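Structural characterization, general
Single-letter residue listing:
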Amino acid sequence: MKVVRSQNWNKKPLDPVEVKGLSLRYGLGLLEASILLRRGIFESKDLLFYLEDDLRFLHNPFLFQAMEDAVDRLLAAQEEKEKVFVFGDRDVDGVSATVLLVEALQELGLKPEWKVPEGEETYGLSDQVIELIAKQECTLLLTVDCGISNHDEIVKAVEAGIDVIVLDHHVSPEDLPPAMAILDPKIPEETYPFPYLSATAVVSKFIWALKFAQTPLYNQRLCLLHVRQEDNNLIVEACHLVNLLIKKRLCLVFSPESSRLEVAKLAEFLQDQEIYVWDAAQQTTLLKQIFGSRAIISLFDMAPGIYQAFPALKSLSFPEVLAKSRLPKYYPESGPLDILVSLFISSVHKKFPALGSHFTQVLDLVALSTLADMMPLEGENRILVRLGMQTLNKTSRSGLRSLLMKLKLLGHPLSTTEVSWQLTPVLNAAGRLGEPASAIELFLTAEEGRRRSLADRLDELNQERKALSQTAWTDVLPQARQYWESSGERFAMVHDARVPKGITGILASRLMNTLGVPSLVMTEQKNKTIGSLRTNRGFETRRFLDAFADLFIDYGGHAQAAGFQMLTENFEAFQQRLSTLLPQFELSNKTDQTLEVDAEIPLTLMTADLIKVVDQFEPYGEGNRPLCFVSKGLRVLDADLVGKSSVQHLKMTLDTGSVKWPAIWWNAQDFLTSQKLTAGDTVNVVYQLRRNYFYGQESLQLTILDLELV
């Protein structure tokens, strides 16, 4: 037997009992349960975001400490018809965030001005921008996808009488800017529970809160109550709800021997509250057993509102309604009160469509930004992107439709892979080449002809970006290799004034992937050195940036991607300090060439139905790679080389005995130089299953990741 593998294949062993248990508890197929366990996803709080796509499972925007302050300030601006200014960033996230916020402010009747850095303008706020805003007599500035690192500029804005709201998602410096409200899930002591939102997602949270503020429920304190009898005891659960958040909770057990002190405690909790219950008559009867038959008890029955929102529940008893709830599946400690709160929130989403079905219309750009900024597809990002992809695939956003048509992507369902590799690079190209306003205007303009013109321009810029990137790559790779070797193969750095500022990040990412180490690409602009850093292998990006803070004009970024600017006169000092500090940064071992296999698929199960399993684990992206399967004993029907250049790909047809699968193995030169694959060979393959579209026709295709001859 002749066996050839270019990589190791690892299929983690599983306990069949655990697989069956997960399958039964969550109503999953054994294959899906196996995949989840192999990926380490088995806790209910994590499974929730793989199995649900309901808006009520998203975190409440009012969990942001400053959300009420931000909303109230914006509502005041609306009432006073103030002049408002939105300042964003030039990448896809900044563009998307700017578009959503401008649209939301226009819906409120405001006429916001907006700007993003153009041409050679610096990232983030500048003194010039603050002067422009002051000159236009704007009294409120909202920064999106920037601002958290602009302490001095925001000081200047405040001194000029401009209030500032920062909507950002970057890691914050120690000294926060003196904005009147900061919405950034990464700032210290922030109470929002999920730190990995894109800036556009942060803006969407703000938009939801603004829409909620236009309902009668905004800042109203409600009380939800449930009393139930167990043996001779009455169990009372109650909570105070403000902006759909539980602020205070109470649970008391009353027996015939209960003291007046406990009764007084309950009375105090319920005093001056609008009390919502299920079945007011029955709950009143139970409460009178506690407070006495003469007690005057006023309750609001929430059941009719729930029935109106969910007619299917009308025929069910209250215990049956509780039994139908999915909440205990993910939160086993949930009781009747928790389920009532969940039902109440769901009914509010139904009663006010702006909070529910209509709100999903902004999630197309949230999905776009989350994928473009490579935010981890975990937690609530999974629901945001899943719903956002649904909206994107049936988008009525005219500018987006124009661009999709230009890119020949309109007319078939888009996957997250296509969005990441075909759509977001075009939008990013506008910012990289100094024309991000073209992307924003594409979304905001109402003129069809202008949209077509802008879509054409974005495509032109992307072609130009590709050409510039390839030319620059030829220049920077030898320099990077030289530094990489001198650093003991621990770091790659390039300092080259010929590199266009807009593509330093692209080059740094490509160097990191090519050389397998953290990589830094710097260029020159006037008297400034501008750098983009991309990191892997546990490199401490924030620690690195802080070590040079005294040399930088400004800096910021994420855990694995950052940027900075410094005066060119500081470059020599930077270089000297870098050589001293680098040995102090530990790197994890290089990832070995191992393919992590999610499941082995017998040939009898290699049917078109397998794509349903693939779809169930969408969205794919950062932190959630596409499913990887292994199948053994396929027969090669044909194998041909394809490719228009020196790059060679292997196109095959593989036979399971009942299904003939088209397959492609990209960049298969290394394999082909050492092996000859012929019709009739038997192979084992590791592959991904994907959709392929050709002239509007959908077909399924295997993408081969590795292969062995048997």
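Not measured: the values here are computed from a predicted model. (Residues numbered from 1 in each chain as written. Predicted model: local features only at pLDDT ≥ 70, side-chain atom pairs only at ≥ 80, totals over all residues. Heavy atoms only, no water.)

Observations concerning the overall build of the chain
As a reminder of what qualifies: The way it works is that DSSP assigns letters per residue, a run of H or I at least four long becomes a helix, a run of E at least two long becomes a strand, and they are numbered from the N terminus. Only protein chains enter the area calculation, which uses a 1.4 Å probe; residues under 20% of their type maximum are buried, those over 50% are exposed, and those in between are partly exposed. Contacts were defined at the residue level, with two residues in contact if any of their heavy atoms lie within 4.5 Å. Using the Shrake-Rupley algorithm and a 1.4 Å probe, accessible areas are obtained, with residue cover drawn only from the displayed protein chains.
Of regular secondary structure, the chain possesses 25 helices and 23 strands. When its C-alpha atoms are laid out on the principal axes, the chain stretches across 90 × 70 × 55 Å. When burial is assessed residue by residue, the chain has 53% of its 710 residues classed as buried. The long-range share in the chain, meaning contacts at least 24 apart out of those at least 6 apart in sequence, stands at 65%. By element, 50% of the accessible surface of the chain is carried by carbon and sulfur atoms, the whole surface being about 32,600 Å².

Here we look at helix α17 (residues 398-406)
Among the residues of α17, those classed as buried are Gly399, Leu400, Ser402, Leu403 and Leu404. Among the structural elements, α15 (363-372), α16 (380-392), α18 (416-432), α19 (436-444) and α20 (448-486) are those in contact with the buried residues of α17. Phi turns positive, to about 60°, at Lys408, one or two residues after α17.

As for the environment of Tyr196
Its place among the elements puts Tyr196 in the loop between β6 (181-183) and α8 (199-212). For Tyr196, a relative accessible area of 33% gives the class partly exposed. Excluding residues within four positions of it along the chain, Tyr196 makes contact with Met375, Pro376, Glu378 and Asn381.

Side note on the packing of α18 against α19
Note the cut-off: Where helices are involved, their axes are fitted lines through C-alpha atoms of the stretch in contact, as for all axes, and angles between N-to-C directions lie from 0 to 180°. Should an angle fall under 35 degrees it is called roughly parallel, over 145 degrees roughly antiparallel, and 65 to 115 degrees roughly perpendicular, with every other angle called oblique.
Running from N to C, α18 and α19 point in directions that differ by 130°, and their axes come no closer than 6 Å. By the angle class used here, α18 and α19 are oblique. Contact with α18, carried on its side by Leu427, Ala430 and Gly431, involves Pro436, Ala439 and Phe443 of α19 and no other residues of that element.

Description of the environment of Ser334
Stated formally: We define a polar contact as two N or O atoms separated by no more than 3.5 Å, with the added condition that, inside protein, one atom must be a possible hydrogen donor and the other a possible acceptor, whereas residues neighbouring each other in sequence contribute only through side-chain atom pairs.
Position of Ser334 relative to the elements: it lies in the loop between α13 (327-330) and α14 (336-351). In this structure Ser334 comes out as buried when scored by relative accessible area, which is 17%. Within the local environment of Ser334, its side chain forms a polar contact with the backbone oxygen of Tyr331, the two atoms lying 2.7 Å apart.

Describing the nonpolar core
Counted only if it meets this: Take the buried residues of types Ala, Val, Leu, Ile, Met, Phe, Trp, Tyr and Cys, join any two whose side-chain atoms come within 4.5 Å, and each joined set is a nonpolar core.
Counting residues in each nonpolar core, the largest one holds 154 residues, and the members touching the most others are Leu142, Leu167, Phe206, Leu654, Ile704 and Leu707. Ranked by size, the runner-up nonpolar core spans 22 residues in total, among them Phe491, Leu520, Phe539 and Phe544.

Considering the side chain of Thr395
Within the secondary structure layout, Thr395 lies in the loop between α16 and α17. Residue Thr395 is classed as buried on the basis of its relative accessible area of 5%. With sequence-adjacent residues up to four places away left out, Thr395 is seen in contact with Asp364, Leu400, Arg401 and Leu404.

Points about the sheet that holds strand β8 (residues 233-242)
What counts, and what does not: Note on pairing: two strands pair once DSSP finds at least 2 bridges between them.
Ordered by their spatial adjacency, five strands build an open sheet running β9-β8-β7-β10-β11, and the pairing between neighbours is mixed. In this open sheet, the two edge strands, each paired with only one partner strand, are β9 (245-254) and β11 (300-301). Packing against the sheet, helix α9 (residues 260-270) makes contact with β7 (221-230), β8, β9 and β10 (274-277), and its axis sits at approximately 155° to β9. Most of the contacts of helix α10 (residues 280-291) go to β7, to which it runs at about 75°, and overall it touches β7, β8, β9, β10 and β11.

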